[in-house]
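Structure assessment
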Amino acid sequence: MASKVAIVGAGPGGLAAAMLLAHAGMDVTVLEKQPRVGGRTSALESNGFRFDIGPTFFLYPQVLETIFAAVGRDLHQEVQLKKLSSQYQLTFGTGGQLNASPDVDQMAAEIDRLSPGEGRGFRRFMADNVVKLDKFTPCLQSPFLNWTSLLDWRLLAVLPHLKPWRSLYSELSQYFRDERLRLAFTFQSKYLGMSPFRCPSLFSILSFLEYEYGVYHPIGGCNALTAAMARVAGELGCDIRLEEPVEELLFESRRATGVRTVKGEMRADAVVINADFAHAMLNLVPSNLRRRWTDQQIESRKYSCSTFMIYLGLEGRCDALAHHNIHIARDYRGNLADIETHHRLSEDPSFYVQNACVTDPSLAPEGHCTLYILVPVSHQHPSIDWTVERERCRAQVLRKLVEMGVEDVERRIRFEQVWTPDDWQQKLDIYRGATFNLCHNLGQMLHLRPRNRFEEFQGVYLVGGGTHPGSGLPVIFESARITSNLLLQDINGSHA
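Report follows, based on the coordinates.

Cut-offs used in this document
Residues numbered from 1 in each chain as written. Predicted model: local features only at pLDDT ≥ 70, side-chain atom pairs only at ≥ 80, totals over all residues. Heavy atoms only, no water. Helix = DSSP H or I, 4+ residues; strand = E, 2+ residues; numbered from the N terminus. Rg over C-alpha atoms; globule rule 2.2 N^0.38 Å. Areas by Shrake-Rupley, 256 points an atom, 1.4 Å probe, with all protein chains shown as cover. Lys, Arg positive; Asp, Glu negative; His and termini not counted. Charge placed at Lys NZ, Arg CZ, Asp CG, Glu CD. Polar contact = N/O pair within 3.5 Å; in protein donor to acceptor, adjacent residues only side chain to side chain. Core = buried A, V, L, I, M, F, W, Y, C linked by side-chain atoms within 4.5 Å. Buried < 20%, exposed > 50% of the residue type's maximum accessible area, 1.4 Å probe, protein only. Contact = heavy atoms within 4.5 Å.

Helices and strands together make up the secondary structure of the chain, namely 17 helices and 20 strands. By the compact-globule yardstick of 23 Å for 496 residues, the chain fits well, its C-alpha radius of gyration being 22 Å. Considering only C-alpha atoms, the chain reaches an extent of 65 × 50 × 45 Å along its principal axes. Surface summary for the chain: the accessible area is close to 19000 Å², and the carbon and sulfur share equals 49%. If you average the places of the 52 positive and of the 56 negative side-chain charges in the chain, the two averages end up 4 Å apart.

Pasting the structure below:
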């Protein structure tokens, strides 16, 4: 009889694990609280408008391609991926703009246009990060289950390239003199919910991946990826149960024996947690059972920022806007300090606008468009009352859209939904509304992060942004590969 696996949550990590485990012969059940799959990579649909709730950039599809290939499928046959010829348009509060291109020669020329002579720094950055990614990839693909994992020769080999004493911003200062260019190649730390002035220099590979491999748009949005994964998992025999939240993990001594949902108990030989890590520990595992990850430990950990979101369906098009638009505040350091240290709202925030209909008209009714607006803000904190600040932030964002050239915004709105950190917590069970999970500082990486084979209990495994390697779709997919292999080794000595 096949071993039974219960997966808590149908986010991208849980679905990738479901595919791999089902293909390996496990009896897999995925339990999801929401009425649709995807978690943070879900979609919001109304009146013919469709929005990704969370991630809108799809980078480095090679990881997901490998997972699909491992189960006998072709990602590109399941999802239509369009590589963007113009990755995004950056505007700087201090003046100037940069149109990011995956063509190295074109990008170097664009950089020289903004800051003469700096294109050669970009070429050097690309050459150095080819080596860094090659050296670090084995570490992203391997579990770190205790401190002795740090002695692995592959990690020792990459240490000279990691420069753990250096921040991401300091790293980019080695390539560019112009402050704007340093920020253009470090803002990607926001994918991890971190400031580039605190983010480890390792993560220069994020911007490198964009330029080396390009930025993709899945037709239908990033939720098309998770929808395809759920479809394939189902065809492989997975039982995906929507609107069936897990209320508790079941244990005998220190071993997980299954879960209890709103519909009753389900026994399992292994439980994979794809829910938000802190929320799952605090709500699904009794506190008296937890030794390392006590309530106090979870409370004391460092968490990412959150985001203030507006999803707008507009009458008319916005074809003057690029697909991805990023505005970097005039006082970027001050903006980040407001988010991470002072826990207050900035008068001049950085923000991001996605205008995906210039690439994918299927996301809106004919003659209309969708705008997805994201403003990085503090995670939940007593100093910010979102019942008070919600409308003020909304008005501020709409003014910014007008400044970007989007005319008559209020008059053209045909659909609108606003999310604050409170919504992230209440709607998707994200602890403190920290949309990018635990921070990726040196004290919360590798074996210091909650481990893929969860260290607290037998038969419990983790996937998603809260475990190794961390947040962001490519590394979440890597977490699924790592975790699936560990689980299969533990149950029957095989690999996914």
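Another point: unusual backbone geometry. A cis amide bond links His-468 to the next residue, Pro-469, at an omega of 5°. Mapping Pro-469 onto the fold places it in the loop between β20 (460–462) and α17 (473–492). Phi at Asp-429 is positive, roughly 55°, even though this residue is not glycine. Here Asp-429 is to be found in the loop between α16 (421–428) and β20.

As for its position among the elements, Gln-188 is in the loop between α8 (179–184) and α9 (204–213). Here Tyr-88 takes part through its side chain, which lies 3.2 Å from a polar atom of the side chain of Gln-188.

Let's shift gears to the nonpolar core. If you look at the biggest cluster of nonpolar residues, it comprises 133 residues, and the most contacted ones within it are Val-28, Phe-185, Tyr-311, Leu-312 and Leu-371. Counting residues per element, this core draws most heavily on helix α1 (residues 12–23), at eight residues. With near-sequence residues (within four places) excluded, Tyr-311 lies in contact with Leu-44, Phe-51, Asp-52, Ile-53, Leu-371, Tyr-372, Phe-415, Glu-416, Gln-417, Trp-419 and Trp-424. Listed in part, the 29 residues of the second largest apolar core include Phe-251, Ala-268, Tyr-303 and Tyr-431.

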